[in-house]
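# Residue-level structural notes
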Amino acid sequence: MQLEFYKYQGTGNDFVMIDNRSDFFPKENTQLIAHLCDRRFGIGGDGLILLENDTTTDFKMVYYNSDGNQSSMCGNGGRCLVAFAKKLNVIQNDTTFIATDGLHHATIEDDGLVSLQMIDVAEVKVSSDHVFLNTGSPHHVQLVDDLENYNIKENGAAIRYGDLYGKAGSNINFVKQIDDTTFSLRTYERGVEDETLSCGTGATAVAIAMNVLGKTDASSIDLNVEGGKLVVSFDKKEGQFTHVFLKGPAEFVFKGTIEI
Ligand SMILES: N[C@@H](CCC[C@H](N)C(=O)O)C(=O)O
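Being a predicted model, the structure only gives us computed values, none of them experimental.

### Brief notes about the overall build of the chain
Helix and strand counts for the chain come out as four helices and 17 strands. Its C-alpha radius of gyration of 17 Å places the chain within 12% of the 18 Å reference for a compact globule of 260 residues. Counting only C-alpha atoms, the chain reaches 55 × 35 × 30 Å along its principal axes. Residues classed as buried in the chain amount to 52% of the 260 residues present. In the chain, of all internal contacts separated by at least 6 residues, the share reaching a separation of at least 24 is 60%. With an accessible surface of roughly 11,500 Å², the chain has 45% of that area assigned to carbon and sulfur atoms. The distance from the centre of the 22 positive side-chain charges to the centre of the 37 negative ones in the chain is 2 Å.

What follows is the structure, encoded as structure tokens:
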């Protein structure tokens, strides 16, 4: 069978996109999804996303990591899916869709950047050397001295598979402060089991964690990721983060067919 796919990337976090409105895709075929995400034997991607029909919102997002397993929310993937939905004429520049963590509102701005509302965050666990929070996906956030030369894969895997997070694991973000409103981060992603060039829920977690640690009092924070720049903004009241938005590029790369 010939499978039609679209490839998108958001600050270098890349995804295979499939229009599954006719519900044809074999969603339980973990091996096939991992194969499609394989950079040597397949199309290549950090994840695969299905765009599906939903009865009450514009569409449904179903996200898989590159290991072939369905997982929690993907911020960059959500932004790319919004751009994909526009390409398919499912939406124009404004949308509400459903994902595993609930409803998401998003807009495509005049410059093409996609702004995606993320879940509200109330619980942030602060430990001596890291912060843990869930921004749709679980994130460990840790400041490090030499981010540029830090071994993300080795140190990320040690924490992800260590005692802290048990079987479910976590995504692991290493962070450096640049100025009052800017941070650089590099992320080890669960389910990819490697560093990716960007992680949207990770950037969101870093922005909130840096506010909680008192490293910034800005409500709009610039995040440098390996694949570009993201902006996270929020309102904060009594320790609760609401109206959390993740903004950045979401770009179509190519379209093709693959024999499956
Ligand atoms: N790249 C994503 C995060 C995807 C989910 C993550 N790998 C997990 O399984 O927790 C993003 O942009 O948020």
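### A few points about the site of the ligand
As a matter of local geometry, the ligand sits amid 16 residues, with Ser71, Gly75, Asn171, Gly200 and Thr201 nearest to it. One of the backbone N or O atoms of Gly200 is found 2.6 Å from an oxygen atom in the ligand. With respect to the ligand, the side chain of Thr201 contributes an N or O atom lying 2.6 Å from an oxygen atom. Alone, the ligand offers 370 Å² of accessible surface; in the complex the protein occludes 100% of this. At the level of elements, strand 4 (60-65), helix 2 (75-87) and helix 4 (200-212) are the ones that each hand at least two residues to the shell around the ligand. A per-class count over the shell around the ligand returns four nonpolar, 10 polar and two charged. Taken domain by domain, the makeup of the shell around the ligand includes at least three residues from each of domain 1 (2-117) and domain 2 (124-248).

### So, the pairing of strand 12 (residues 182-189)
Across the eight residues of strand 12, eight count as buried, placing the element largely inside the fold. Side chains of strand 12 alternate between two faces, with Thr182, Ser184, Arg186 and Tyr188 and Phe183, Leu185, Thr187 and Glu189 buried alike. Here seven bridges tie strand 11 (residues 171-179) to strand 12, and the two strands are oriented antiparallel to one another. When the sheet's bridge partners are listed, Asn173 is paired in strand 12 with Thr187. The turn joining strand 11 and strand 12, which pair antiparallel and follow one another in sequence, is formed by two residues. For strand 12 and strand 14 (residues 220-225), the ladder comprises three bridges, and the chain directions are parallel. Bridge pairing links Thr182 to Asp222 in strand 14. Where strand 12 lies against strand 13 (residues 194-196), three bridges are found, and the strand directions are antiparallel. Each residue of the ladder has a partner; that of Glu189, found in strand 13, is Asp194. Hairpin connection from strand 12 to strand 13: four residues lie between these consecutive antiparallel strands, with Gly191 at a positive phi of about 90°.

About the cut-offs
Numbers given for residues are sequential positions, taken from 1 along each chain in its written order. pLDDT decides what is reported in this predicted model: residues at 70 or higher carry local features, side-chain atom pairs at 80 or more are listed and counted, and totals for whole chains, interfaces and linings draw on all residues regardless. Excluding hydrogens and water, the side-chain values take into account all heavy atoms of the structure. Here a strand is any run of E in DSSP of at least two residues, a helix any run of H or I of at least four, and the numbering for each starts at the N terminus. With the radius of gyration taken over C-alpha atoms, the globule rule is written as 2.2 Å times the number of residues to the power 0.38. Exposure is judged per residue with a 1.4 Å probe applied to protein chains only, and the accessible area is read against the type maximum: over 50% gives exposed, under 20% gives buried, and values in between give partly exposed. Working rule for contacts: check all heavy atoms of both residues, and any pair within 4.5 Å makes them a contact. Each accessible area is a Shrake-Rupley estimate made with a 1.4 Å probe; only the visible protein chains count as cover when residues are assessed. Positive charges are assigned to Lys and Arg, negative charges to Asp and Glu, while His and the chain termini are left out of the count. For the purpose of locating charges, the reference atoms are NZ of Lys, CZ of Arg, CG of Asp and CD of Glu. Proximity is defined per residue: if any heavy atom of the residue lies within 4 Å of a molecule or strand, that residue is considered near it. Under the rule applied, a polar contact is a pair of N or O atoms within 3.5 Å (in protein, one hydrogen donor and one hydrogen acceptor; residues adjacent in sequence only if both atoms are side-chain atoms). Three categories are distinguished: nonpolar for Ala, Val, Leu, Ile, Met, Phe, Trp, Tyr, Cys and Pro, charged for Asp, Glu, Lys and Arg, and polar for the others, with Gly belonging to the last. Domain extents, as shown, originate in an automatic or database domain assignment. Being paired, for any two strands, means DSSP has found at least two bridges between them.

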